[in-house]
Amino acid sequence: MGPGPPAAGAGAPPRPLSLVARLSYAVGHFLNDLCASMWFTYLLLYLHSVRAYSSRGAGLLLLLGQVADGLCTPLVGFEADRAAGRCARFGPRKAWHLVGTICVLLSFPFIFSPCLGCGASTPEWAALLYYGPFIVIFQFGWAATQIAHLSLIPELVTNDHEKVELTALRYAFTVVANITVYGAAWLLLHLQGSSTGPTEDVSDQLGVQDVPVFRNLSLLVVGVGAVFSLLFHLGTREGRRRQVEEPGEHSPLLAPSTAQPLLLWKHWLREPAFYQVGLLYMSTRLIVNLSQTYIAMYLTYSLHLPKRFIATIPLVMYLSGFCSSFLMKPVNKCIGRNMTYFVGLLVILAFAAWVALAEELGMAVYVAAVLLGMGCATILVTSLAMTADLIGPHTHSGAFVYGAMSFSDKVANGLAVMAIQSLHPCSLELCCKACVAFYHWVMVVVTGGVGVAATLALCSLLVWPIRLRRWDPGA
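Colleague: In this structure, what is going on with the overall build of the chain? I would like to understand it.
Modeller: For the chain, the count of helices and strands is 15 helices and zero strands. Looking at the 475 residues of the chain, the share that counts as buried comes to 50%. Considering only contacts within the chain whose residues lie at least 6 apart along the sequence, 84% involve residues at least 24 apart. Here the chain displays about 22400 Å² of accessible surface, and carbon together with sulfur accounts for 69% of that area.

Colleague: Explain the environment of Pro133 here, please?
Modeller: Tracing the chain through its elements places Pro133 in helix α5 (residues 124-151). Overall, Pro133 belongs to the partly exposed group, its relative accessible area being 46%. A C-alpha to C-alpha distance of 9.8 Å links Pro133 and Gly65, two positions 68 residues apart in sequence.

Colleague: Help me understand the side chain of Gln292, please; the structure alone is not making it clear to me.
Modeller: Residue placement: Gln292 occurs in helix α10 (residues 272-302). When sequence neighbours within four positions are dropped, the list of residues in contact with Gln292 reads Ser37, Phe40, Thr41, Asn178 and Tyr182.

Colleague: Sorry if this is basic, but what is going on with the confidence of the model for the chain here?
Modeller: When pLDDT drops low, the exact placement of atoms in the prediction is not to be read closely. Per-residue pLDDT for the chain has a mean of 79; in total, 79% of the residues score no lower than 70. Model confidence for the chain, summarised as mean pLDDT per element, is weakest for helix α9 (residues 265-268) at 70 and strongest for helix α8 (residues 211-235) at 92. Segment residues 1-12 is flagged for pLDDT under 50; beyond a separation of four residues in sequence, or across chains, it makes 21 contacts in the model. This stretch, residues 240-259, has a pLDDT under 50; its non-local contacts, to residues over four places away or in other chains, come to eleven contacts.

Colleague: Hey, could you run me through a nonpolar patch on the surface in this one?
Modeller: Where nonpolar side chains cluster on the molecular surface, the patch consists of Ile335, Met339, Phe342, Val343 and Leu346 and spans about 400 Å² of accessible area. By the secondary structure assignment, Leu346 is in helix α12 (residues 328-357). Among the residues examined, Leu346 registers a relative accessible area of 44% and is labelled partly exposed.

Colleague: For this particular structure, what's the right way to read α8?
Modeller: The periodicity of an α-helix, 3.6 residues per turn, causes residues three or four positions apart to be oriented the same way. Taking 1.5 Å per residue, 25 residues should reach 36 Å; α8 reaches 36 Å between its end C-alpha atoms and fits that length. The set of residues buried in α8 consists of Val211, Val213, Phe214, Leu217, Ser218, Val221, Val222, Gly225, Ser229, Phe232, His233 and Gly235.

Colleague: Just checking my understanding: could you explain the environment of Leu231 for this structure?
Modeller: Structurally, Leu231 can be placed in helix α8. Note on Leu231: relative accessible area 43%, which makes it partly exposed. Along the backbone, Leu231 and Gly28 are 203 residues apart, and their C-alpha atoms lie at a distance of 7.8 Å. When sequence neighbours within four positions are dropped, the list of residues in contact with Leu231 reads Ser24 and Val27.

Colleague: So what exactly am I meant to see when it comes to the packing of helix α11 (residues 309-325) against helix α13 (residues 365-391) here?
Modeller: Remark: α11 packs on α13, axes separated minimally by 7 Å, with the N-to-C direction vectors making an angle of 45°. Relative to α13, the element α11 is oriented oblique. Along this stretch, α11 crosses α13, giving a crossing that reads as right-handed. Where α11 abuts α13, its residues Phe309, Thr312, Ile313, Val316, Met317, Ser320, Gly321 and Ser324 lie against Val365, Tyr366, Ala369, Val370, Leu372, Gly373, Met374, Ala377 and Thr378. In the contact of α11 with α13, the residues fall into eleven nonpolar, six polar and no charged.

Colleague: Would you mind showing me how to read the packing of helix α1 (residues 19-26) against α8 here?
Modeller: For any two helices packed against each other, one specifies the crossing angle of their axes together with the interaxial distance. Put simply, α1 and α8 touch, their axes get as near as 8 Å, and they point 140° apart. Overall, the two elements α1 and α8 adopt an arrangement that is oblique. Regarding α1 and α8, the two cross each other, and that crossing is left-handed. Of the residues in α8, those in contact with Ala21, Ser24 and Tyr25 of α1 are Leu231, Phe232 and Gly235. Here the residues of the contact of α1 with α8 sort into four nonpolar, two polar and no charged.

Colleague: For this particular structure, what's the right way to read the pattern of salt bridges?
Modeller: Two side chains that carry opposite charge are able to pair once their charged atoms sit near each other. Counted by the stated rule, this structure contains two salt bridges. The shortest N-O distance in the salt bridge between Lys410 and Asp69 comes to 3.3 Å. Of the two residues, Lys410 sits in helix α14 (residues 398-422) while Asp69 sits in helix α3 (residues 55-82), which places them 341 residues apart along the sequence. The exposure classification of Lys410 matches that of Asp69, with both residues buried.

Colleague: Would you mind going over the packing of aromatic side chains with me for this structure?
Modeller: The description of two aromatic rings rests on the distance between their centres and on the angle between their planes. With the rule as written, the count across this model stands at 19 aromatic pairs. Geometrically, the ring pair formed by Phe30 and Phe228 is tilted, given 4.4 Å between the ring centres and 45° between the ring planes. Here Phe30, found in helix α2 (residues 30-50), pairs with Phe228, found in helix α8; they are 198 residues apart in sequence, far enough to count as distant. Among the residues examined, Phe30 registers a relative accessible area of 2% and is labelled buried. With 5.7 Å between their ring centres and 40° between their planes, Trp39 and Phe138 make a pair best called tilted. Here the residue Trp39 occupies a position in helix α2, and Phe138 occupies one in helix α5, the gap between them amounting to 99 residues. Across the pair, exposure class does not vary: Trp39 and Phe138 are buried alike. Joined through ring pairs, the aromatic side chains of Trp39, Tyr42, Tyr46, Phe108, Phe112, Phe138, Tyr182 and Phe214 make up one cluster.

Here is what the cut-offs are and how they apply
Residues numbered from 1 in each chain as written. Predicted model: local features only at pLDDT ≥ 70, side-chain atom pairs only at ≥ 80, totals over all residues. Heavy atoms only, no water. Helix = DSSP H or I, 4+ residues; strand = E, 2+ residues; numbered from the N terminus. Buried < 20%, exposed > 50% of the residue type's maximum accessible area, 1.4 Å probe, protein only. Contact = heavy atoms within 4.5 Å. Areas by Shrake-Rupley, 256 points an atom, 1.4 Å probe, with all protein chains shown as cover. pLDDT = per-residue confidence, 0-100. Patch = residues over 30% accessible without salt bridge, like charges linked within 9 Å, V, L, I, M, F, W, Y side chains within 5 Å. Salt bridge = Lys/Arg side-chain N within 4 Å of Asp/Glu carboxyl O. Expected span 1.5 Å × (residues − 1). Axes fitted to C-alpha atoms, helices over the stretch in contact; angles between N-to-C directions. Parallel < 35°, antiparallel > 145°, perpendicular 65-115°, else oblique. Left-handed = near helix turned anticlockwise from the far one by under 90°. Nonpolar A, V, L, I, M, F, W, Y, C, P; charged D, E, K, R; others polar. Phe/Tyr/Trp six-rings, centres within 6.5 Å; stacked < 30°, edge-to-face > 60°.

Structure (structure tokens):
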């Protein structure tokens, strides 16, 4: 076991985490990041274009996953908090992390593999029932790993500087995970084309011949992720948190009379700012996740690009977003949170206008990908900062705020995908002539249309800034 947070003696400040311990913690979410990248970018494409399931059936499976994730997230957080102090040797957070990791490892490869026992005559509803349990188990495991990993930060470190450092390291490995998935997808597609002989014809468009590519990519994801999860468990030590703190020699005999009452979850429901920021965050997540989900479909069916572009374009988007994230701090200082968010929205609306007016992009698709990546990163980082501003010092109920917003964004994403898939114009074919324009306008709506909704939410914050109005500490 690696060095963990030492037990602080009386009056002695806790020793900071070693570099090995910080890196061990940072890789604990690597498996989740790998799976999430593949889930959002390739699930619909795999089910519809490779497995040839109906657009509505593919959307139903994604909706099932989003709803399962949204429901499991607050439940796992509640149970993990309740278990604090019970797990003597392993620690409650790491125990939940291990349970989640096992669920992800055992279920994820089946989602991107052919249905076992299914043949050409198997009805689609039977295949969808086959994939359903694996998706629910995967989303439960993903939520358990995410909540356990995030809740370890205050257990491992004590001051704000160390918390920011751990969060930054965690995000750095998220970037590495996305680059790994898109790079591996490009490599597998490239190897598929180069391994065939001159007499063999491998289509440049996606089809059933690409089943091994996605299966091997999912196996690579869980294999690499399992190694990093093992490093996390070997190098991270969770200290047991006492349920009730015993009074010490220097403890005051009487509690201060000026202590403020806690802001409970029911108080948040009476705050207008809670709904303002919630609407802004949900709109942001819709833009980011839906554009990531449908960019591969847009490249394949609307622009008719070769299948290698489903790896290179998302990679360009993510790298441009990562680079622009370094500008967030100075830009926020110069023009403030609201204007920074508005600048990101302008970039996204420029992308939407470009897509709406241009029927063919050619190599300019890389420039469009840079615009979308920069805009999405800007509004996502800024919306998270606004959520932290809303919570402020009330961190004891911050988990409820994050849980409520996470639930709303995941359910909204699932319902939006289901609505889009239900409107798919080709009922009998994989893609008819009408679907060319369909995915073209889907990209316009999920960026420009939802961007207008986000603009309205931002305007409400300009008129009524983020602050608690209805909560009376003396009530």
